[in-house]
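# Fold and contact review
Listed below are the residues making up each chain.
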Amino acid sequence: LVNTSALSNCKALPPWHQEGNVGRRGAAAMAGAEEDEVAPPAPHPVDPQQPMGQGPAAKRSRSEHHHGAGDAPSFRMEDLPVDVQAVIMSLLPLKEAVRTSIVSTSWRMLWTFRCNLSFKGPRYLHENDTKIQQAKCIETVNCVIQQHSRIGINKFSIRCGLFEEDSVHLDRWIRFAASSKAKIIHLDLRFKDVFEEVNHLHLEALLDAQGSSFLRSLFLGGVVIKPHSAICGFTILRRLVLQSVTISGDFTGFLANCAALEDLEMIECSGLTNLIIPQQLDKLQHLLIDGMEVEMVEFYAADLSHFEYKGQVVPIVHHGCSKLKKATIMFSGKKGLAKAFTAVPSILPVKILNVRSVALSKYSQLQKLPTRPDGMFMHLRHMTCRIIVHSRPQEANYDIEVLQLAYCLDAAPQLETLQLNMFYVSSSGVSSAEVVGMRRHDHLKAVFMSGFRCYKAQIKLACCILGNASVLEKLTIEPRITGTRYLGDNTDLHKILPGVCEWAQLTSERFAMDASSAQQGEGSLQHHH
């Protein structure tokens, strides 16, 4: 990645710089070097009486005198083919490649054949030097693309917040990427702390003069697009990622022309009421929908193997035979955990399931899930669950979502491993709910529970698992909070750890004794210091 300070002295092409010819002074400016170079050493005087044919022999003689007659000849990069030299130069950071190009006259053009161009600028608007750093980044990008050969571009990436009044530069960058036949384009123009700044991007501009594109991967962030069904040039596009993008137009019609798409990710995009993935995307394997304010999600992707949804509870309809193997469902709102197991029937065939629930309000009773075969996760083997509890002091049942997991496990009779990450924003440890009739699990072997602080709901859930998992090999409790960005609550572990250790020891002895007396094998309960 080229920082904004890289190529900081890069200027527009001077008058003496002709098209397609990078002079020594131009390369020096690109590399941040001074304009006046150190003069090369004076050449050896030539005897006018010496015949012309003796020049090479004399050079060899001097070389042998310097290296020794028996030494192997020294390696010179100039001896390699030009295309190999270009590959070697492309492995250097762009700034170093430009600096290296001024070492030798024959290297002067090598940096212009780099296949990967990545630029990085400021991403936060409210920093002191944002304007200066942004201007440097824009100047650097413009200088590089003006002198680049436009041959063999693989990746063109810019991560820099861009103001709307700077859209003229965006148009120039897109024309360069399209004319260079770039295979990967990554344009993230968002300011992470401001959402008002948007840039209009015309998808047609990413096509070449013939209306086609060599794009295989496209990332757009912080722009406004107007897709429509007449855009037909993205026939080999395999990955499309849209983040904080405003969409106005016929998005479904546009997707129908991207038949080669395998990965579609939409994060915090706006402008769509219903998200419909057309049946033409029969090669789609991964679909991610995160933070989208849509009212319905409908897709026809027959080969979809990984589905991720994060947001409000909305109808999610998957037409056709499902080949899903992995799903991530993170519903926000009341009873999000139970709805993750009941509201999306199309995820029932998965083998790996990730769920998340944010408990913002209490409810009086647990919700039992259907245990009929057509409503159960008969193929589920591995599950990861993250529960965030916003409880209030001296109020019960705010952490009932933890106990709800016991009934959710009833819908996965073949489950083998469970990872549960819990985080209590605040807790009184009060829970009056009870788990009644948790079914027996004959395949559950390993359970890991992080954020375990001996709250009543946590203890009840752990005891339910220990009492009903007949082949359980170990249940590991971890007081530290993991699997979430809220890690500040790990500071008081020295107060919590003694009580957790004592409970773990007593509970392990109790269930080991029960297991021994019932001749059900030996289980164990471990705790992490």
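Residues numbered from 1 in each chain as written. Predicted model: local features only at pLDDT ≥ 70, side-chain atom pairs only at ≥ 80, totals over all residues. Heavy atoms only, no water.

## Thoughts on the overall build of the protein
Broken down by element type, the protein carries 11 helices and 21 strands. A total of 529 residues make up the protein; the buried ones form 46% of that total. Within the protein, residue pairs in contact and separated by at least 24 positions form 65% of the contacts whose partners lie at least 6 positions apart. Within the structure as shown, the protein displays about 26300 Å² of accessible surface, and the carbon and sulfur contribution to it stands at 53%. (Helix = DSSP H or I, 4+ residues; strand = E, 2+ residues; numbered from the N terminus. Buried < 20%, exposed > 50% of the residue type's maximum accessible area, 1.4 Å probe, protein only. Contact = heavy atoms within 4.5 Å. Areas by Shrake-Rupley, 256 points an atom, 1.4 Å probe, with all protein chains shown as cover.)

## Section: the confidence of the model for the protein
With 75% of its residues at a pLDDT of 70 or more, the protein has an overall mean of 78. Here residues 1-69 is a poorly scored stretch, pLDDT under 50, and it has 78 contacts once near neighbours within four places are set aside; other chains count. Scored below 50 in pLDDT, residues 519-523 shows seven contacts in the model against residues more than four places distant or in partner chains. (pLDDT = per-residue confidence, 0-100.)

## So, the nonpolar core
Counting residues in each nonpolar core, the largest one holds 125 residues, and the members touching the most others are Phe 156, Phe 307 and Ile 465. If sequence neighbours within four positions are ignored, Phe 307 has contacts with Leu 287, Ile 289, Phe 299, Ile 316, Leu 324, Lys 326, Ala 327, Thr 328, Ile 329 and Ile 347. (Core = buried A, V, L, I, M, F, W, Y, C linked by side-chain atoms within 4.5 Å.)

## Here's the deal with the sheet that holds strand β6 (residues 223-225)
Ordered in space as β4-β6-β8, the three strands form an open sheet in which the pairing is parallel. The open sheet is flanked by β4 (199-200) and β8 (246-247), the only strands paired with a single partner. Strand direction decides the pairing type here: β4 and β6, joined by two bridges, are parallel. Residue Asn 199 lies in a different strand from β6, and its bridge partner there is Val 223. (Pairing = 2+ DSSP bridges.)

## Details of the packing of aromatic side chains
Enumeration over the complete set of coordinates arrives at 10 aromatic pairs. Relative to Phe 377, the ring of Phe 341 lies with its centre 5.5 Å away and its plane at 75°, an arrangement referred to as edge-to-face. Here Phe 377 lies in the loop between β16 (352-359) and β17 (382-390) and Phe 341 lies in helix α8 (residues 336-342), a separation of 36 residues in the sequence. Take Phe 377: its relative accessible area is 0%, and that puts it in the buried class. Taken together, the ring pairs in this structure connect Phe 119, Phe 156 and Phe 176 into an aromatic cluster. Here the basic side chain of Lys 131 rests over the ring of Phe 163, its NZ or CZ set 4.1 Å away from the ring centre. (Phe/Tyr/Trp six-rings, centres within 6.5 Å; stacked < 30°, edge-to-face > 60°. Lys NZ or Arg CZ within 6 Å of the ring centre and 35° of its normal.)

## Points about the environment of Ile 225
Topologically, Ile 225 is positioned in strand β6. C-alpha of Ile 225 to C-alpha of Leu 203: the two residues are 22 residues apart in sequence and 6.9 Å apart in space. Beyond its immediate stretch of four places on either side in the chain, Ile 225 contacts Leu 201, Leu 203, Leu 220, Leu 242, Val 245, Thr 246, Ile 247 and Ser 248.

## Points about the pairing of strand β9 (residues 263-267)
Successive side chains on a regular strand alternate, one facing one side of the sheet and the next facing the other. Extensive coverage of β9 is indicated by the burial of five of its five residues. By the alternation rule, side chains of β9 split into Asp 263, Glu 265 and Ile 267 and Leu 264 and Met 266, which are all buried. With five bridges joining them, β9 and strand β11 (residues 286-290) adopt parallel strand pairing. Pairing of Glu 265 across the sheet is with Leu 288, part of β11.

## Focus: the environment of Ala 462
Position of Ala 462 among the secondary structure elements: in helix α10 (residues 456-468). Measuring from C-alpha to C-alpha, the distance between Ala 462 and Phe 452 comes to 9.8 Å, with 10 residues separating the pair along the chain. Among residues more than four places away in sequence, those in contact with Ala 462 are Met 449, Phe 452, Leu 475 and Trp 503.

## Section: the packing of helix α9 (residues 400-409) against α10
Angle between the axes and distance between the axes are the two parameters that describe a pair of packed helices. At a minimum axis separation of 8 Å, α9 and α10 run at an interaxial angle of 20°. For the element pair α9 / α10, the angle class is roughly parallel. Touching Val 402, Leu 403, Leu 405, Ala 406 and Leu 409 of α9 are Ala 457, Gln 458, Lys 460, Leu 461 and Ile 465, all from α10. Here the contact of α9 with α10 is built from residues that sort into eight nonpolar, one polar and one charged. (Axes fitted to C-alpha atoms, helices over the stretch in contact; angles between N-to-C directions. Parallel < 35°, antiparallel > 145°, perpendicular 65-115°, else oblique. Nonpolar A, V, L, I, M, F, W, Y, C, P; charged D, E, K, R; others polar.)

## Quick notes on the side chain of Ser 470
With respect to the secondary-structure elements, Ser 470 resides in the loop between α10 and β20 (474-478). A distance of 2.9 Å separates the side chain of Ser 470 from the side chain of Asp 442, its partner in a polar contact. (Polar contact = N/O pair within 3.5 Å; in protein donor to acceptor, adjacent residues only side chain to side chain.)

## Brief notes about the side chain of Ser 213
With respect to the helices and strands, Ser 213 occurs in the loop between β4 and β5 (217-221). Among the residues examined, Ser 213 registers a relative accessible area of 9% and is labelled buried. Excluding residues that lie within four positions of it along the chain, Ser 213 makes contacts with Leu 206, Leu 207, Gly 233, Phe 234 and Ile 236.

## Quick word on the pattern of salt bridges
All told, the structure shown has nine salt bridges when counted by the stated rule. In this structure, Asp 188 engages Arg 123 in a salt bridge whose closest nitrogen and oxygen atoms are separated by 3.0 Å. Taken together, the positions of Asp 188 in strand β3 (residues 184-188) and Arg 123 in the loop between β1 (116-120) and α5 (130-147) put the pair 65 residues apart, joining distant regions of the chain. Given a relative accessible area of 4%, Asp 188 falls into the buried group. With its nearest N and O atoms 2.7 Å apart, the salt bridge here joins Arg 440 to Asp 442. Classification of Arg 440 by relative accessible area gives exposed; the value is 52%. Under the relative-accessibility criterion, Asp 442 is labelled partly exposed at 39%. One network of salt bridges, in which partners are shared, links Arg 123, Asp 188 and Arg 190. (Salt bridge = Lys/Arg side-chain N within 4 Å of Asp/Glu carboxyl O.)

## Let's talk about the pairing of strand β2 (residues 155-159)
For β1 and β2, the ladder comprises five bridges, and the chain directions are parallel. For Asn 116, the partnering residue across the bridge sits in β2 and is Lys 155. Handedness of the crossover is the feature at issue here: the chain leaves β1, passes through α5, returns alongside β2, and the resulting connection is right-handed. Pairing geometry for β2 and β3, over five bridges, is parallel. Bridge assignment links Ile 158 to a residue of β3, and that residue is Leu 187. (Right-handed = clockwise from strand over helix to strand, strands pointing away.)

## Side note on α9
Here α9 lies mainly inside the structure; 10 of its 10 residues are buried. Those residues of α9 lying buried are Ile 400, Glu 401, Val 402, Leu 403, Gln 404, Leu 405, Ala 406, Tyr 407, Cys 408 and Leu 409.

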